[in-house]
Amino acid sequence: MHQSFTFISAIKKGGKIAVLLLLALSAPSRIFAETTSFKDINGHWAGSYITWAVDQKLAKGYGDGFFKPNNLVNEAEFLAMLLRTYSLVNETSASGAAWSKPYYEYANSHGWPLSPVQQAKEFRRSQAALLLASAATGQAFTENGAIQWLLDEKISNGRTSATVAGFIPSGKLTRAEALTFFYNLKQHSNKLSDKKIVKTVDSLGGIALNDSLEKLQKALGKPERIDLSEYSFAWHIYHNPDYSHYMMFGVQNARVVALFSNASDDWTSTSGIKIGQTIENAKKLAKSATNVVLKDDYYAFTSGNERMTLFYDKQDANKISGILRMKQSIASPLKSAYTDKLAAAQEQQLFDLANAERAVRDIPLLEWDKLAASSARSHSEDMKKRDFFDHINPSGSSPFDRMKAKGVNYHQAAENIAAGYPGSIHAHYGWLNSKSGHRETLLDSKLTKLGTGVAVGGSYQVYYTQNFYTP
């Protein structure tokens, strides 16, 4: 069940909804003399590589006259320099798009191993090795396998020795090391492989069901936070700053048992089921589907030991807009999970889901607002305690009365409410598919702030409220 309320009109109750890379092989010093244009390069072990890279326009120095060779490199920077080495990408990105977008589009089209949420974070040497080996050969590697390939091909002699351990896989990659990699790879291979690496496992961000927690954290780093769920596992939440890569990994007993995301590029599917596809086409690809459930907002089925839920957008040709994959054995919510701590977790998830939805539609993100959250939480608690479901409470207070009472000063405001959904994901897609104002509120670019409130208990078991406003 859900409702929406805006400053224009009230919406009545609706229906149910749910140390160094020093041992380089052939330094380019015979071709390029060490540069003296940077104050910190003369005498540096990688001086000739840096000169080569600057000449090739792979990298630049800083405005203060320093190159800062020991600064760390992130994934986006490393990928961009790799593709510049081979002049493979037109670097002009669309207006308003991230500068790294054309590089990631090229890499994704070739199936290269990248981390959707690590673009701006420190890059491990083993991650660099994996990307280099994959791009050069068009083959899939493990991180250790990629390191061994670099050693065997004499592209690297390691950081302390020519072994996998001596490569120092967990070490952070510096600018000087990265440029040395690129020079050596270019000497080894005049071009990168044009083959697309075919993924053979269903995964999200490179992580599959039953992968270890260690593998998850190694691939994606530490989560933004760890939330309780309505199931027997905890959600590990990952997203980049602009929410274009929002991913939830359910973890139980140090194993990944659930995956959720609305980011199409982050999924790998061996069945062909994917975001953006119509639900009718997805049904044709759902092999050996049992325990099929078709609701207004989703299509769910069991295949083998996995439960898959495909959330679709009824107002966009029934296209899949989010996917939830879980181990069948833990796919049922637990009554004991519904506590105040779960409510607090679902509040954060509702906020994240709203921004993740807006991100894939290029709508400006919302800012969290604690006053609006206090208003929303109070209303959810009130609906639970006084057993009603409406924007106007039994005392006659409207959403705007309640927000003002909490100190919210708004120019425009709106409210969404829902009840009876098992969790935040289902509630979100209930609002998205609504034709009673909820969707419009959720996707309104003029609304800039959001606070959410969840209460457990009462006739509907869970009550959800979103309070939006623009100052």
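For every chain, the first residue of its written sequence is number 1, and the numbers climb from 1 along that sequence. The predicted nature of this model means local features are confined to residues of pLDDT at least 70 and side-chain atom pairs, given and counted, to a pLDDT of 80 or more, with totals for whole chains, interfaces and linings taken over all residues. Heavy atoms from the whole structure form the basis of all side-chain values; hydrogens and water molecules are not counted.

Novice: Before we move on, could you go through the packing of helix α2 (residues 75-85) against helix α4 (residues 125-137) and cite the residues and values that matter?
Specialist: Each axis is a line fitted through C-alpha atoms, taken for helices only over the stretch in contact, and angles between the N-to-C directions span 0 to 180 degrees. Counting from the N terminus, the helices are DSSP H or I runs at least four residues long and the strands are E runs at least two residues long. Contact pair α2 / α4: the axes reach a minimum separation of 11 Å and the direction vectors enclose 30 degrees. The angle between the axes of α2 and α4 places the two elements in the roughly parallel class. Crossing of α2 over α4 shows right-handed handedness. Residues F78, L79 and L82 of α2 form the contact with α4, whose own contacting residues are A128, L131, L132 and A135. Across the contact of α2 with α4, the residue classes break down as seven nonpolar, no polar and no charged. Angle categories: roughly parallel below 35 degrees, roughly antiparallel above 145, roughly perpendicular from 65 to 115, and oblique for all the rest. Left-handed describes a crossing in which the near helix is turned anticlockwise from the far one by less than a right angle; the clockwise case is right-handed. Whether two residues are in contact is decided by their heavy atoms: any pair within 4.5 Å suffices. Classification convention: Asp, Glu, Lys, Arg as charged; Ala, Val, Leu, Ile, Met, Phe, Trp, Tyr, Cys, Pro as nonpolar; all other residues, Gly among them, as polar.

Novice: So, the nonpolar core: which residues are in play, and what are the values?
Specialist: Put simply, a nonpolar core is a bunch of buried Ala, Val, Leu, Ile, Met, Phe, Trp, Tyr and Cys residues held in one set by side-chain atoms that sit within 4.5 Å of each other. Buried means the residue's accessible area, taken with a 1.4 Å probe over protein chains only, is under 20% of the maximum for its type, while exposed means over 50%, and partly exposed covers the values in between. By size, the foremost hydrophobic cluster in this structure holds 52 residues, and its most contacted members are F78, L79, L82, W112, F182 and L185. The set of elements that each furnish at least two residues to this core consists of α1 (47-55), α2, α3 (101-109), α4, α5 (143-152) and α6 (175-188). Per element, the largest residue contribution to this core is eight residues, and it comes from α4. Among residues more than four places away in sequence, those in contact with L79 are Y103, Y104, A107, W112, L114 and L131. Of all hydrophobic cores here, the second largest spans 33 residues; its members include Y246, M248, L324 and A354.

Novice: Please set out empty space enclosed by the protein residue by residue, giving values where relevant.
Specialist: The space that makes up the largest cavity amounts to roughly 50 Å³. Note on definitions: the grid is 1 Å and covers protein atoms alone; a cavity is a set of points where a 1.4 Å probe fits but cannot get out; a pocket is an open set with protein on both sides within 12 Å along at least five of seven lines; lining residues have an atom within 4 Å of a point. For the largest cavity, the full set of lining residues is E230, Y231, W235, M248, L324, Q349, S424, I425 and H426. For the lining of the largest cavity, the leading source of residues is helix α12 (residues 424-432), giving three residues. Note that the domain bounds were set by an automatic or database domain assignment. Built from parts of two domains, the lining of the largest cavity gets at least three residues from each of domain 2 (203-330) and domain 3 (340-470). Grid points are joined across faces, edges and corners, and a volume is the space filled by probe spheres set on the points.

Novice: Go over the pattern of salt bridges with me, naming the residues and quoting the values.
Specialist: Any Lys or Arg side-chain nitrogen located within 4 Å of an Asp or Glu carboxyl oxygen qualifies as a salt bridge. Taken as a whole and assessed by the stated rule, the structure comprises 20 salt bridges. Between E143 and K218 there is a salt bridge, with its nearest N and O atoms 3.6 Å apart. Pair noted here: E143 is in helix α5 and K218 is in helix α7 (residues 213-220), with a separation of 75 residues, a long-range link. Residue K218 is classed as partly exposed on the basis of its relative accessible area of 42%. Between E415 and R402 there is a salt bridge, with the nearest N and O atoms lying 3.1 Å from each other. Of this pair, E415 sits in strand β13 (residues 412-419) while R402 sits in helix α11 (residues 399-405), and the two are 13 residues apart along the sequence. Taken individually, E415 and R402 each receive the classification buried, so the pair is uniform in this respect.

Novice: Requested: an account of the packing of aromatic side chains, with residues and values cited.
Specialist: For Phe, Tyr and Trp, where Trp contributes only its six-membered ring, two rings pair if their centres lie within 6.5 Å, and the inter-plane angle classes them as stacked under 30 degrees, edge-to-face over 60, or tilted in between. This structure, assessed with the given rule, holds 22 aromatic pairs. Considering the side-chain rings of F233 and W235, the 4.9 Å spacing of their centres and the 85 degrees angle between planes classify their relative orientation as edge-to-face. Looking at F233, the relative accessible area reads 5%, which means it is buried. Three or more aromatic residues link up through ring pairs in this structure, and these residues are F260, Y298, F311 and Y429. We note K68 situated over the ring of Y62; from NZ or CZ to the ring centre the distance is 4.5 Å. The ring of F167 has R125 sitting right over it, with the charged end atom 4.3 Å from the ring centre. For a ring to carry a charge above it, either NZ of a lysine or CZ of an arginine must fall within 6 Å of the ring centroid while also lying within 35 degrees of the normal to the ring plane.

Novice: Which residues make up the side chain of N467, and what values go with them?
Specialist: Among the secondary structure elements, N467 is positioned in strand β15 (residues 462-470). Here S375 takes part through its side chain, which lies 2.9 Å from a polar atom of the side chain of N467. Polar contacts involving the side chain of N467 include one to the side chain of E415, which spans 2.9 Å. Beyond its immediate stretch of four places on either side in the chain, N467 contacts A372, S375, A376, M403, A414, E415, K449, L450 and G451. Here a polar contact is taken to be a pair of N or O atoms separated by no more than 3.5 Å, where protein atoms must pair a possible hydrogen donor with a possible acceptor and residues adjacent in sequence count only if both atoms sit in side chains.

Novice: With reference to specific residues and values, describe the sheet that holds strand β4 (residues 234-239).
Specialist: Any two strands with at least two DSSP-identified bridges between them are counted as paired. The sheet built from eight strands is open, its strands ordered β3-β4-β5-β6-β11-β10-β9-β8 with antiparallel pairing. Every other strand in the sheet has two partners, leaving β3 (225-228) and β8 (290-294) as the edge strands with one partner each. Here the strands of the sheet are splayed against their neighbours by 20 degrees on average, with no regard to which way each runs. Inspection of the sheet shows β8 paired to strand β9 (residues 298-303) by three bridges, in the antiparallel sense. Its bridge partner being in β9, T290 is matched across the sheet by T302.

Novice: Give me the pairing of strand β10 (residues 306-313): which residues, what numbers.
Specialist: Of all eight residues in β10, eight are buried, a share of seventy percent or more. Alternating residues of β10 divide into E306, M308, L310 and Y312 and R307, T309, F311 and D313, and every residue in both groups is buried. Note that β9 and β10 share six bridges and pair antiparallel. Among the inter-strand pairings, Y299 is bridged to a residue of β10, identified as L310. In sequence, β9 turns back onto β10 through a hairpin of two residues, with G304 there showing a positive phi of about 65 degrees. Pairing between β10 and strand β11 (residues 319-327): eight bridges, direction antiparallel. By the bridge assignment, L310 is partnered in β11 with I323.

Novice: Please set out α3 residue by residue, giving values where relevant.
Specialist: For α3, the full list of buried residues reads P102, Y103, Y104, Y106 and A107. With its phi angle positive at about 70 degrees, G111 sits one or two positions after the end of α3.

Novice: So, the domain arrangement of the protein chain: which residues are in play, and what are the values?
Specialist: As far as domains go, the protein chain holds domain 1 (46-188), domain 2 (203-330) and domain 3 (340-470). The straight-line distance from the C-alpha centre of domain 2 to that of domain 3 is 24 Å. The interface is formed by 26 residues belonging to domain 2 together with 28 residues belonging to domain 3. Accessible-area loss on putting two parts together, using a 1.4 Å probe and summing over both, is the definition of buried area adopted here. Interface area for domain 2 against domain 3, summed over the two sides, is near 2200 Å², with a carbon-plus-sulfur share of 56%. Taken as a group, E230, Y243 and Q315 account for 28% of the area that domain 2 buries against domain 3, more than any other trio of residues on that side. At the junction of domain 2 and domain 3, the tally comes to three salt bridges. With a shortest N-O distance of 2.9 Å, R439 and D313 are connected by a salt bridge. At the surface where domain 2 touches domain 3, the tally comes to eleven residue pairs in polar contact (both at pLDDT 80 or more).

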